Amino acid sequence: IYARGAETAAGDFGVNLSLQWAQQYWSEIEMLKDGPFVPPFHIAPERQLLGLAFPVHTPEELFGALVVIVDIKPVVNGLIAQLHPGQAGRMCLVDGRGQIVYHSLPAMISGGAGRIMLPRRLFAEQSGFGIFPASGQGRFFPGQCTLIAWDSGPIGSEKMIVALAA
């Protein structure tokens, strides 16, 4: 097991998380032909971790899994957090399950706070823009109708959405 960003993954925490992911998602890893399986991100305000699980085969059977843990917080802080949408705008990075990986309001980062309600179009379409009413609990950008522009891309089997709202 290799854990990149071990100072963030905190050694034992990273090892325990990789073992948990390997056990919990064994059936998905077992069915892979190529490429990694990407379990749900581990998101907390202090650490944002991505897992990549690769099947390890013998000629006869699945022997095990190699789980790589990547600390994505430096990437998020170095790239996404540097986009400044202005005083009234907001920026966020959300996984395909609606879990906030980054938000320009740090209190919005998931870390056990649950998922947020986003317009379905952000999940259904690769990119786009639209005006959406701000309603319901856990809304994306509180308090107003929101113009949102977004783009998305895959990380393994997981979809990531970068959204900018004004």
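Above this note sits the structure.
Residues numbered from 1 in each chain as written. Predicted model: local features only at pLDDT ≥ 70, side-chain atom pairs only at ≥ 80, totals over all residues. Heavy atoms only, no water.

1. A few points about the overall build of the chain
Logical step 1: For the chain, the count of helices and strands is five helices and nine strands.
Logical step 2: Each helix and strand of the chain, placed in order from N terminus to C terminus, yields the pattern β-α-α-α-β-β-β-α-β-β-α-β-β-β.
Logical step 3: A total of 166 residues make up the chain; the buried ones form 40% of that total.
Logical step 4: Considering only residue pairs separated by 6 or more positions, the chain has 46% of its internal contacts joining residues 24 or more positions apart. (Helix = DSSP H or I, 4+ residues; strand = E, 2+ residues; numbered from the N terminus. Buried < 20%, exposed > 50% of the residue type's maximum accessible area, 1.4 Å probe, protein only. Contact = heavy atoms within 4.5 Å.)

2. Quick word on the environment of G35
Logical step 1: For G35, the location among the structural elements is in the loop between α3 (26-31) and β2 (42-44).
Logical step 2: Separated by 121 residues in sequence, G35 and G156 have C-alpha atoms that sit 7.0 Å apart.

3. Comments concerning a nonpolar patch on the surface
Logical step 1: A cluster of nonpolar residues, F54, V56, F63 and L66, forms a patch on the protein surface that exposes about 350 Å² of accessible area.
Logical step 2: Elements with a minimum of two residues in the nonpolar patch: β3 (47-57) and β4 (62-71).
Logical step 3: On the secondary structure map, L66 appears in strand β4. (Patch = residues over 30% accessible without salt bridge, like charges linked within 9 Å, V, L, I, M, F, W, Y side chains within 5 Å. Areas by Shrake-Rupley, 256 points an atom, 1.4 Å probe, with all protein chains shown as cover. Salt bridge = Lys/Arg side-chain N within 4 Å of Asp/Glu carboxyl O.)

4. Side note on the sheet that holds strand β7 (residues 127-132)
Logical step 1: Spatially, five strands are ordered β6-β5-β9-β8-β7 in an open sheet, and the strand pairing comes out antiparallel. The open sheet terminates on both sides in strands that have one partner only, identified here as β6 (100-103) and β7. Averaged over all pairs of adjacent strands, the angle between their axes in this sheet comes to 20°, without regard to strand direction.
Logical step 2: Pairing of strand β8 (residues 146-155) with strand β9 (residues 158-165) involves eight bridges; the strand directions are antiparallel. Looking at β9, one finds that I155 is bridged to E158. (Pairing = 2+ DSSP bridges. Axes fitted to C-alpha atoms, helices over the stretch in contact; angles between N-to-C directions.)

5. Here's the deal with the nonpolar core
Logical step 1: Ranked by internal contacts, the top residues of the largest apolar core, which has 16 residues, are F41, L50, V76, I80, L93, V101 and Y102.
Logical step 2: When residues of this core are traced back to their parent elements, those giving at least two are β3, β5 (90-95) and β6.
Logical step 3: L93 has contacts with V76, I80, Q99, I100, V101, Y102, M160, I161 and V162, leaving out every residue within four places of it along the chain.
Logical step 4: Within the second largest apolar cluster, 11 residues are counted, among which are A22, Y25, I29 and A53. (Core = buried A, V, L, I, M, F, W, Y, C linked by side-chain atoms within 4.5 Å.)

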